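# Observations on the model geometry
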Amino acid sequence: MHWIALQWSLEAQAEAGAAAAAADAMPTPEALGWWALRYTPHVCWLDEALMLEVSACERLWGGRSSLMRQLLNENPAPAAAALRGAQGATSLEALARLRLFVRDEKRPPEIPAGLPLDTLSAARGHLDALARLGCRSWGEVAALPRGGLSRRFGAELRAALDIAWGLRPESHAWLTLPDVFEQKLELPALAETAPELMWSANRLLSALQI
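Residue numbers run consecutively from 1 along every chain, following the written order of its sequence. For this predicted model, a pLDDT threshold of at least 70 governs which residues receive local features, and a threshold of 80 or more governs which side-chain atom pairs are given and counted, while totals over whole chains, interfaces and linings are taken from all residues. The side-chain quantities take in all heavy atoms of the structure and omit both hydrogens and water.

Attention now moves to helix H8 (residues 155–164). Where burial is concerned, most of H8 is hidden: eight out of the ten residues are buried. Those residues of H8 hidden inside the fold are in contact with helix H4 (91–102), helix H5 (127–132), helix H6 (138–142) and helix H7 (146–153). The helix count covers DSSP runs of H or I at least four residues long, the strand count covers runs of E at least two residues long, and both are numbered beginning at the N terminus. At the exit of H8 stands Gly 166, carrying a positive phi of roughly 75°. Partly exposed residues are those whose accessible area sits between 20% and 50% of the maximum for their type, while under 20% is buried and over 50% is exposed, using a 1.4 Å probe and protein chains only. Two residues qualify as a contact provided that any one of their heavy atoms is within 4.5 Å of a heavy atom in the partner residue.

In structure tokens, the structure reads:
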């Protein structure tokens with residue numbers, strides 16, 4: 001298995017007007033998922049990131065590095081909405097590495113054991129308690145007794161660690177293309193003439209073209 005995690009964010013240096021325009025023109029999460037389905041049939045949203053499982057199709061795109069370059073170069077969002085990406089052997093690893101990249105932190109030498117604990121979604125509600133046990137990385141938590149970890153912190157955290165180490169298969173709700181394009185968009189204001197409808201119409205047309 002090989003995963004790519006993608007996230008869009010407005011450039012911090014963008015002027016206020018450009019940032020607002022980019023936010024208005026940003027494709028919907030649904031449309032971004034449709035765009036990603038061009039590259040692999042295995043696409044899903046996981047927290048803040050769009051996830052692509054590409055192990056079965058990466059050769060069609062010239063390998064992992066080539067595929068990543070194509071994704072970044074063909075960003076469907078406005079130029080002010082930067083597209084960031086990271087890769088990993090599991091969806092959790094790819095997402096954690098993306099979070100490190102967004103924070104401008106170097107990845108640890110050992111993956112996944114050395115990943116900071118706050119990059120694991122299932123651990124975020126238990127960070128203080130785990131820190132009191134001396135656990136600040138995935139590996140330190142994974143080393144705790146299984147039964148005690150599940151009883152104290154719930155089965156979700158133990159399951160996430162098992163997925164990270166390849167001990168449990170991943171399960172995701174894959175996105176699919178609809179048979180017929182249908183999307184609703186609320187008008188930002190009352191529209192009484194055709195030109196006033198064009199902003200919303202253009203957004204729907206952009207989603208259709210993606």
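Right, let's get into the packing of aromatic side chains. Whether two aromatic rings pair depends on their centres lying within 6.5 Å, for rings of Phe, Tyr and Trp, where Trp uses its six-membered ring; planes under 30 degrees apart make the pair stacked, over 60 edge-to-face, and the rest tilted. Scanning the model with the defined rule gives four aromatic pairs in all. On the basis of an interplanar angle of 55° and a centroid distance of 5.1 Å, the ring pair of Tyr 39 and Trp 61 is categorised as tilted. Remark: Trp 61 occurs in the loop between strand E3 (49–53) and helix H3 (64–73) and Tyr 39 occurs in the loop between helix H2 (29–36) and strand E2 (43–46); sequence separation between them is 22 residues. Of the residues examined, Tyr 39 reaches a relative accessible area of 3% and is grouped as buried.

Examined against the element boundaries, Thr 119 turns out to sit in the loop between H4 and H5. The buried category is assigned to Thr 119, whose relative accessible area is 1%. The term polar contact refers here to a pair of N or O atoms within 3.5 Å; inside protein, the definition further demands a hydrogen-donor-capable atom paired with an acceptor-capable atom, and it admits residues adjacent in sequence only when both atoms are side-chain atoms. A distance of 2.6 Å separates a polar side-chain atom of Thr 119 from the backbone oxygen of Pro 116. Thr 119 has contacts with Ala 96, Arg 99, Leu 100, Arg 103 and Trp 138, leaving out every residue within four places of it along the chain.

Turning next to unusual backbone geometry. Residues Ile 111 and Pro 112 are joined by a peptide bond in cis, for which omega reads 5°. Residue Asp 47 is not a glycine yet carries a positive backbone phi of 55°. Following the sequence through the fold, Asp 47 ends up in the loop between E2 and E3. For Asp 104, which is not glycine, the phi dihedral falls at a positive 60°. With a relative accessible area of 73%, Asp 104 lands in the exposed category.

Just distances and angles here, no functional claims.
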